[in-house]
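Given next are the chains, with one letter for each unit.
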Amino acid sequence: MAEGGHYDIVVLGGGSGGYACALRAALFGKRVALIEKDKVGGTCLHRGCIPTKALLHAAEVADTARESEKFGVKATLDGIEMPAVLSYQQGVVERLWKGLQGTLSSRKIDTIAGDGKLISPNAVQVDGDAVYTGDHIVLATGSAPKSLPGLEIDHERVITSDEALLLDRVPSSAIILGGGVIGVEFASVWKSFGADVTIVEMLPQLLPLEDESSAKVLQRVFRRRGIDAVLGARFESVRHTGSGVEVTLAGGKTLQAEILLVAVGRGPVSDGLGYAENGVAMTRGYVDVDALCRTSVPTISAVGDLIATPQLAHVGFAEGIGVAERLGGLDVRPIDYDGVPRITYSDPEVASVGITTKQAAERGIQITSVDYPLGGNGKSVILQTQGSARVIAEETPSGPGRVLGIHLVGSRVGELIAEGQLIYNWDAEPLDVASLIHPHPTQSEIIGEAHLALAGKPLHLHG
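Residues numbered from 1 in each chain as written. Predicted model: local features only at pLDDT ≥ 70, side-chain atom pairs only at ≥ 80, totals over all residues. Heavy atoms only, no water.

(A) Looking closely at the sheet that holds strand E21 (residues 349–354). Judged by pairing direction, the sheet is antiparallel, and its 5 strands sit side by side in the order E20-E21-E24-E23-E22 without closing on themselves. On the outer flanks of this sheet lie strand E20 (342–344) and strand E22 (367–373), each paired with one strand and no other. In this sheet, neighbouring strand axes are inclined to one another by 15° on average, regardless of whether the strands run parallel or antiparallel. Two elements, strand E23 (residues 388–396) and strand E24 (residues 399–410), share 8 bridges in a ladder whose sense is antiparallel. Of the residues in E24, the one forming a bridge with alanine 393 is valine 403. The strands touched by helix H13 (residues 445–454) within the sheet are E22, E23 and E24, with E22 carrying the most contacts at an inclination of about 135°. (Pairing = 2+ DSSP bridges. Helix = DSSP H or I, 4+ residues; strand = E, 2+ residues; numbered from the N terminus. Axes fitted to C-alpha atoms, helices over the stretch in contact; angles between N-to-C directions. Contact = heavy atoms within 4.5 Å.)

And the structure:
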């Protein structure tokens with residue numbers, strides 16, 4: 001391993017955005033150093049996307065066993081062995097981590113383990129010792145779980161998603177503070193594993209960034225599953241009890257549970273890393289960038305959760321690739337963040353791309369929309385899933401114009417949103433999609449059927 005030296009590009013942070021930048025830059029023949037204090041792969045691979053989805057798959061298996069008789073299959077669920085679940089989870093993570101290390105090595109990227117700090121517009125110091133200089137520096141130090149003022153994380157009864165992923169038991173009960181993606185996914189997992197779960201969300205709906213129609217469907221299904229949600233409620237305090245915690249909400253309402261999961265979002269990891277001291281403009285801890293991820297310092301770019309863009313691994317991939325291609329001399333187009341697919345992997349899943357009904361109103365866009373219930377889709381009925389597909393299109397004098405948003409709720413709908421991404425990003429209109437033949441019986445038909453309806457020629461939709 002190199003001990004200091006000069007590179008074409010030095011990437012500080014080996015998460016999704018950082019390693020994607022390194023991998024793409026290497027294909028341009030760039031000499032790249034990738035500095036990571038923990039393990040390459042970052043939050044997504046080790047504390048986020050991958051381990052949470054492994055837990056969610058285990059939860060799906062548990063639900064399938066519990067509900068098998070309604071399919072005519074006699075099976076029993078004898079219990080959840082969390083050490084075995086964690087072993088499966090970590091096996092998935094380890095396999096992908098080893099694969100990533102091999103890919104980085106095959107492209108001759110120097111991976112440096114240690115704490116990096118920016119010490120000049122062209123240099124990063126690691127562990128206060130070795131200095132790595134570069135013609136260009138890419139900041140990709142990611143994010144970490146946030147808390148609220150006065151809410152102390154004790155890592156035992158009051159925990160973050162980091163501790164929740166490693167919990168070696170199923171809690172008897174849990175209060176989840178925050179009804180965003182992280183909170184909703186853990187609520188789904190723990191309920192499937194047998195816990196009593198209550199979500200507390202300050203805003204009036206779960207998944208506040210999603211379309212109101214999707215949130216209503218999710219909330220209805222969660223109620224049927226026995227997941228409680230206290231909406232429009234502000235957290236006030238928490239105290240330890242003999243058996244767990246007691247949470248007090250504004251107005252005096254109290255809730256008791258074994259643990260409190262704080263899932264109020266993630267904040268940028270930037271403190272003490274020398275960014276502002278070396279001229280990098282920042283806002284509330286986030287690094288300021290332009291549409292091409294360039295910072296206020298010409299030799300420095302920033303990507304991923306460190307900048308104020310959607311905190312999604314695939315966004316980090318795209319930003320990292322974009323920076324590498326810009327530095328490689330290609331003409332790079334800015335990312336349309338509205339066109340990035342979003343998925344919450346709960347049961348049911350929530351998937352979307354484009355803008356919401358509320359955003360359309362805020363932007364002064366006249367829209368037309370259709371909601372197609374999964375009850376009209378053969379494959380969804382086979383799967384016994386509930387949900388809907390909403391498609392939003394621009395209203396024009398001649399009828400529905402370009403599709404502005406696709407919002408899906410139901411089991412496995414996350415696998416469908418890639419088609420929605422193509423529809424949105426290629427400015428398709430309902431009539432364009434209506435002419436496409438979707439295979440039957442598949443859930444993909446819900447997208448085709450919704451567009452058929454918007455184009456004025458509905459097939460199975462009625463009422």
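Structure shown, so let's carry the discussion forward.
(B) Layout of the environment of alanine 62. On the secondary structure map, alanine 62 appears in helix H3 (residues 49–66). Note on alanine 62: relative accessible area 3%, which makes it buried. Sequence separation between alanine 62 and lysine 358 is 296 residues; the distance between their C-alpha atoms is 36 Å. In this structure, alanine 62 is in contact with Leu77, Ile80 and Ser192, ignoring residues within four places of it in sequence. (Buried < 20%, exposed > 50% of the residue type's maximum accessible area, 1.4 Å probe, protein only.)

(C) Quick look at helix H1 (residues 16–26). With 10 of 11 residues buried, H1 is to be regarded as a mostly interior element. Looking only at H1, the buried set comprises Ser16, Gly17, Gly18, Tyr19, Ala20, Cys21, Ala22, Leu23, Ala25 and Ala26. Looking at the buried residues of H1, the elements they touch are strand E1 (5–12), strand E2 (32–36), helix H2 (42–47), helix H4 (82–106), strand E6 (130–139) and helix H8 (313–327).

(D) Focus on the packing of H3 against helix H6 (residues 181–193). Where H3 meets H6, the axes come as close as 8 Å, and the angle between the chain directions of the two elements is 35°. By crossing handedness, the relation of H3 to H6 is classed as left-handed. The segment H3 lies against H6, with Thr52, Lys53, Leu55, Leu56, Ala58, Ala59, Ala62, Asp63 and Arg66 engaging Glu185, Phe186, Ser188, Val189, Ser192 and Phe193. Residue classes in the contact of H3 with H6 are distributed as 8 nonpolar, 3 polar and 4 charged. (Left-handed = near helix turned anticlockwise from the far one by under 90°. Nonpolar A, V, L, I, M, F, W, Y, C, P; charged D, E, K, R; others polar.)

(E) Broad picture of the environment of arginine 412. Tracing the chain through its elements places arginine 412 in the loop between E24 and helix H11 (417–425). Measuring from C-alpha to C-alpha, the distance between arginine 412 and glutamate 319 comes to 27 Å, with 93 residues separating the pair along the chain. Those residues within four positions of arginine 412 in sequence are excluded, and the remaining contacts are Glu60, Glu349, Leu383 and Gln443.

(F) The packing of H3 against H4, seen in detail. One way to put it is that H3 packs onto H4 with a least axis distance of 9 Å and a crossing angle of 135°. With respect to H4, the element H3 is oriented oblique. The element H3 and its partner H4 pack so that their crossing is right-handed. Contact with H3, carried on its side by Ile50, Pro51, Ala54, Leu55, His57 and Ala58, involves Met82, Val85, Tyr88, Gln89, Val92, Val93 and Leu96 of H4 and no other residues of that element. For the contact of H3 with H4, the residue count by class is 11 nonpolar, 2 polar and no charged. (Parallel < 35°, antiparallel > 145°, perpendicular 65-115°, else oblique.)

(G) The pairing of strand E14 (residues 254–257), seen in detail. Taking every second residue as pointing to the same face, the buried face of E14 carries Leu255 and Ala257, while none of Thr254 and Gln256 on the other face is buried. Examined bridge by bridge, strand E13 (residues 245–249) and E14 share 4 bridges and lie antiparallel to one another. The partner of valine 245 across the bridge, within E14, is alanine 257. Hairpin connection of E13 to E14: 4 residues between the antiparallel strands, including glycine 251 at a positive phi of 100°.

(H) Inspection of the state of the cysteines at higher detail. Across all of its chains, the model carries 0 disulfides by this definition. Considering cysteine sulfurs only, cysteine 21 is the nearest to cysteine 293, which forms no disulfide, with 9.5 Å between them. On the accessibility criterion, cysteine 293 (5% relative accessible area) is buried. (Disulfide = S-S within 2.5 Å.)

(I) Summary view of the layout of surface pockets. As a volume, the second largest pocket reaches approximately 980 Å³. Considering the residues around the second largest pocket, the lining is formed by 31 residues, among which Glu60, Asp63, Ser346, Asp347 and Ser411 are closest to the centre. Residue assignment for the lining of the second largest pocket shows that the elements contributing at least two residues are H3, H6, helix H7 (212–225) and helix H10 (378–383). By residue number, the principal contributor to the lining of the second largest pocket is H3, which donates 8 residues. (1 Å grid on protein atoms, 1.4 Å probe; cavity = no way out; pocket = protein on both sides within 12 Å on 5 of 7 lines; lining within 4 Å. Points joined across faces, edges and corners; volume = space filled by probe spheres on them.)

(J) Quick look at the pattern of salt bridges. Going through the model one piece at a time under the given rule, you end up with 16 salt bridges. The residue arginine 47 makes a salt bridge to aspartate 38 at a minimum N-O spacing of 3.1 Å. According to the relative accessible area criterion, arginine 47 is partly exposed, its value standing at 29%. We classify aspartate 38 as partly exposed; its relative accessible area is 44%. Salt-bridge contacts for lysine 53 lead to glutamate 185; the nearest nitrogen and oxygen are separated by 2.9 Å. A residue pair is termed long-range when its members are at least 10 positions apart, and lysine 53 in helix H3 and glutamate 185 in helix H6 qualify at 132 residues. Judged by its relative accessible area of 5%, glutamate 185 falls in the buried class. (Salt bridge = Lys/Arg side-chain N within 4 Å of Asp/Glu carboxyl O.)

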